[in-house]
Amino acid sequence: MSMSKKKNTSKLSIATRAIHGKHLHAFKGPVATPIYQTSTYRFENSNDAIRYAQGDTSVMVYTRYHNPTVNEVEDRIALMEGGEAAALFSSGMAAITTAILAVCKQGDELVSTPGLYGGTYRFFRDSLPGFGINVKYVEPNSLDDLLYLITPKTKIVYLETPTNPTLSLVDIQTLVRVTRGVQTELRKNIIIMIDNTFASILNQNPFALGVDVIVESSTKYLGGHADLMGGVVIGRKKFVKDVKSLAKHLGGCADPFAAFLLDRSIKTFELRVNRQNENALALAKALSKHPKVNRVIYPGLSSHPQHKLAKKQMSGFGGMVTIEVKGGVKAAVKVCDNLKVAVNAMSLGGVETLVSIPVYSSHVNMSEDELAKHGVTPGMIRISVGVEGVQDLIEDFYQALKKA
Ligand SMILES: *Cc1c(COP(=O)(O)O)cnc(C)c1O
């Protein structure tokens, strides 16, 4: 039997023929964004390929470059956060590393505040020097040091506030003012970049305070259900375009399904975070009164050393509360192991309340000196407050503290 005469009855061929000539947007106006779970796109004919090669960005080619579901979420997040454009990534770390490498080249410098997410800290310490990028640190209580830390090689001033797990703040406006103050002709292109994950855009609006770029782990408050990984970079169009160009090479693009989950999540973002703010304040107040609790750290409490600054630069105080229990790490473990509503797990920002012990998680294997430098003590428990009934949460912590 000659091959040419054999009728092609493969199911795949039939299915492929059936969708020939059908366009991407088959239905108009779905309320929920469809998941375009595709890696590549059908050209109408080779003219499309030629148009793309000639720079027509309306031609869809490959999902590492663009995807309707991903792009929809990017547009929504840009609007939500008050930026011109956004780029979505497979994780917060992909967003952070790609944004930094889109700016800093060999020989450049970055100045950062020292209280950083562990992954970012290790990227600065272990990876950037290998690329010939030097990182310097400025203490949040002496931001005027930026005057000499910034040199003509400085491309990024990077900050994170509130910090993990001690919830101390960096004065965003002061940092912006000092940085702009040293900008001269030579140094005019310094980008001020903030990791806004802990506060989220509902509680802290960095663009209104003069920051250029927001990076954020959408795994946390934007995602909010502990079921997706993602990261986002938000800023001016030109900047985001550069970041996306590098993302094509580094490859940390978002998966369409993760983008769909994120799109679903951001619809309830404000509801969730408002409730988390309320719950966190109520829980922080209730725990402040407990005899087995040495200290409650929450920017919304007047006992927080930077409460005034919190009121100035934050519109809400967030869902993160850190407590220090009497009896050190042993007591902290007892509390965490006896909680029935709150879950003992890393990460933050979800609808379920999570607890973790910093000396066993974010600050594991650090010397006593390092811990002291970061203000971390063995009896600390970090609480990511969820949206449960707050009375249930308070009772849960009280019964667990009883057993410590
Ligand atoms: C979780 C987190 C990151 C990293 O995000 P991933 O999505 O885990 O890669 C960065 N910054 C902060 C403040 C975070 O909490």
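Every chain's residues receive numbers from 1 upward, in the order its sequence appears when written. In keeping with the model being predicted, local features are shown solely for residues with a pLDDT of at least 70 and side-chain atom pairs are shown and tallied solely at 80 or more, while totals for entire chains, interfaces and linings include all residues. Hydrogen atoms and water are omitted, and side-chain values are computed over all heavy atoms in the structure.

1. Description of the site of the ligand
Phase 1 of the analysis: When at least one non-hydrogen atom of a residue lies within 4 Å of a molecule or strand, that residue is treated as near it. Around the ligand, the structure places 15 residues, and the nearest of them are G92, D195, S217, T219 and K220.
Phase 2 of the analysis: Between the ligand and the protein, one listed contact pairs an oxygen atom with a backbone N or O atom of M93 at 2.8 Å.
Phase 3 of the analysis: Two N or O atoms form a polar contact when they lie within 3.5 Å of each other; inside protein one atom must be a possible hydrogen donor and the other a possible acceptor, and for residues adjacent in sequence the pair counts only when both atoms belong to side chains. The side chain of T219 places a nitrogen or oxygen atom 2.7 Å from an oxygen atom of the ligand.
Phase 4 of the analysis: Note on areas: Shrake-Rupley, 1.4 Å probe, and residue coverage restricted to the protein chains presented here. Notes on the ligand: free accessible area 380 Å², of which the protein chains cover 94%.
Phase 5 of the analysis: The greatest single-element share of the shell around the ligand, amounting to three residues, is contributed by helix 4 (residues 92-101). Only DSSP runs of H or I with at least four residues qualify as helices, and only runs of E with at least two residues qualify as strands; both kinds are numbered from the N terminus onward.

2. Digging into the sheet that holds strand 9 (residues 320-325)
Phase 1 of the analysis: Read across the sheet, five strands follow the order 8-9-12-11-10 without closing on themselves; strand pairing throughout is mixed. With one partner strand each, in any of the chains shown, strand 8 (293-297) and strand 10 (343-344) form the two edges of the open sheet.
Phase 2 of the analysis: Any two strands with at least two DSSP-identified bridges between them are counted as paired. Of the strand pairs in this sheet, strand 11 (residues 354-356) and strand 12 (residues 380-384) are connected by three bridges, and their pairing is antiparallel. When the sheet's bridge partners are listed, L354 is paired in strand 12 with S384.

3. Some details on unusual backbone geometry
Phase 1 of the analysis: Omega for the bond connecting T161 with P162 falls within 30 degrees of zero, at -10 degrees, which places this linkage in the cis form.
Phase 2 of the analysis: Backbone torsion omega between N164 and P165 reads -5 degrees, so that peptide bond is classified as cis.
Phase 3 of the analysis: Position of P165 among the secondary structure elements: in the loop between strand 4 (154-160) and helix 7 (172-182).
Phase 4 of the analysis: Of note, the phi angle at S347 is positive, near 75 degrees, even though the residue is not glycine.
Phase 5 of the analysis: Structurally, the position occupied by S347 is in the loop between strand 10 and strand 11.

4. Examining empty space enclosed by the protein
To find leftover empty space, a probe the size of one water molecule is rolled over the atoms.
Phase 1 of the analysis: Buriedness of a pocket was judged along seven lines, with at least five required to meet protein on both sides within 12 Å; pockets are open sets of points on a 1 Å grid over the protein atoms alone, cavities are sets where a 1.4 Å probe fits but cannot get out, and lining residues have an atom within 4 Å of a point. Grid points are joined across faces, edges and corners, and a volume is the space filled by probe spheres set on the points. Counted according to the given criterion, the structure contains two cavities of 30 Å³ or more.
Phase 2 of the analysis: The computed volume of the largest cavity comes to approximately 50 Å³.
Phase 3 of the analysis: Surrounding the largest cavity, 13 residues form its lining, F89, M229, G230, A254 and A258 being those nearest its centre.
Phase 4 of the analysis: When residues of the lining of the largest cavity are traced back to their parent elements, those giving at least two are strand 1 (85-89) and helix 9 (256-266).
Phase 5 of the analysis: Broken down by element, the lining of the largest cavity gets its largest block of residues, three residues, from helix 9.
Phase 6 of the analysis: Only Asp, Glu, Lys and Arg are considered charged, only Ala, Val, Leu, Ile, Met, Phe, Trp, Tyr, Cys and Pro nonpolar, and every remaining residue, Gly among them, polar. For the lining of the largest cavity, the class distribution of residues is eight nonpolar, four polar and one charged.
Phase 7 of the analysis: The computed volume of the second largest cavity comes to approximately 40 Å³.
Phase 8 of the analysis: What lines the second largest cavity is P162, L167, F198, A199, P299, M314, F317, G318, G319 and M320.

5. Observations regarding the pattern of salt bridges
Phase 1 of the analysis: A pairing counts as a salt bridge when a side-chain nitrogen of Lys or Arg comes within 4 Å of a carboxyl oxygen of Asp or Glu. One pass over the structure, following the stated rule, counts 13 salt bridges.
Phase 2 of the analysis: With a closest N to O distance of 2.7 Å, R51 and D48 form a salt bridge. Taken together, the residues span about one helical turn, with R51 and D48 both in helix 2 (residues 46-53) at a distance of three residues.
Phase 3 of the analysis: Between D263 and R76 there is a salt bridge, and its shortest N-O distance comes to 3.1 Å.

6. Remarks on the packing of aromatic side chains
Phase 1 of the analysis: Only Phe, Tyr and Trp rings take part, Trp by its six-membered ring, and two of them pair if their centres are within 6.5 Å. Stacked means planes under 30 degrees apart, edge-to-face means over 60, and tilted covers everything else. Enumeration according to the criterion identifies six aromatic pairs in this entry.
Phase 2 of the analysis: Members of the aromatic cluster, joined through ring pairs, are Y52, Y62 and Y65.
Phase 3 of the analysis: Here, over-ring charges are defined by two tests on the NZ atom of lysine or the CZ atom of arginine: distance to the ring centre within 6 Å, and angle to the ring normal within 35 degrees. The positively charged end of K248 is found above the aromatic ring belonging to Y65, 4.5 Å away from the centroid.

7. Re the sheet that holds strand 3 (residues 134-137)
Phase 1 of the analysis: Here seven strands make up an open sheet; going across it, the order is 1-7-6-5-4-2-3 and the pairing mixed. If you trace the sheet from one side to the other, it starts and ends with strand 1 and strand 3, each paired once. Averaged over all adjacent pairs, the angle separating strand axes in this sheet is 20 degrees, with direction ignored.
Phase 2 of the analysis: Relative to strand 5 (residues 191-195), strand 4 runs parallel, the two sharing five bridges. By the bridge assignment for strand 5, Y158 is matched with M193.
Phase 3 of the analysis: Every residue pair with non-hydrogen atoms within 4.5 Å of one another is taken to be in contact. A fitted line through C-alpha atoms represents every axis, and for helices the fit uses only the stretch in contact; the resulting angles, taken between N-to-C directions, go from 0 to 180 degrees. In the packing of helix 7 onto the sheet, contacts are made with strand 4 and strand 5, and the angle to strand 5 comes to roughly 160 degrees.

8. Some remarks on the pairing of strand 6 (residues 213-217)
Phase 1 of the analysis: Think of it in three bands: with a 1.4 Å probe and only protein chains considered, a residue is buried below 20% of the maximum accessible area for its type, exposed above 50%, and partly exposed in between. By the criterion of burial, strand 6 is predominantly enclosed, with five of the five residues buried.
Phase 2 of the analysis: In strand 6, alternate side chains face the same way, and those of V213, V215 and S217 on one face and I214 and E216 on the other are all buried.
Phase 3 of the analysis: Pairing of strand 5 with strand 6 involves three bridges; the strand directions are parallel. Within strand 6, the residue paired with I194 across the bridge is I214.
Phase 4 of the analysis: Pairing of strand 6 with strand 7 (residues 231-235) involves four bridges; the strand directions are antiparallel. Bridge assignment links S217 to a residue of strand 7, and that residue is G231.

9. Observations regarding the side chain of E324
Phase 1 of the analysis: Along the chain, E324 turns up in strand 9.
Phase 2 of the analysis: A relative accessible area of 13% means that E324 is categorised as buried.
Phase 3 of the analysis: A polar contact is formed between the side chain of E324 and the side chain of T377, at a distance of 2.6 Å.
Phase 4 of the analysis: Setting aside chain neighbours within four positions, we find E324 in contact with K292, V293, N294, R295, T377, G379 and M380.

By themselves these figures say nothing about function.
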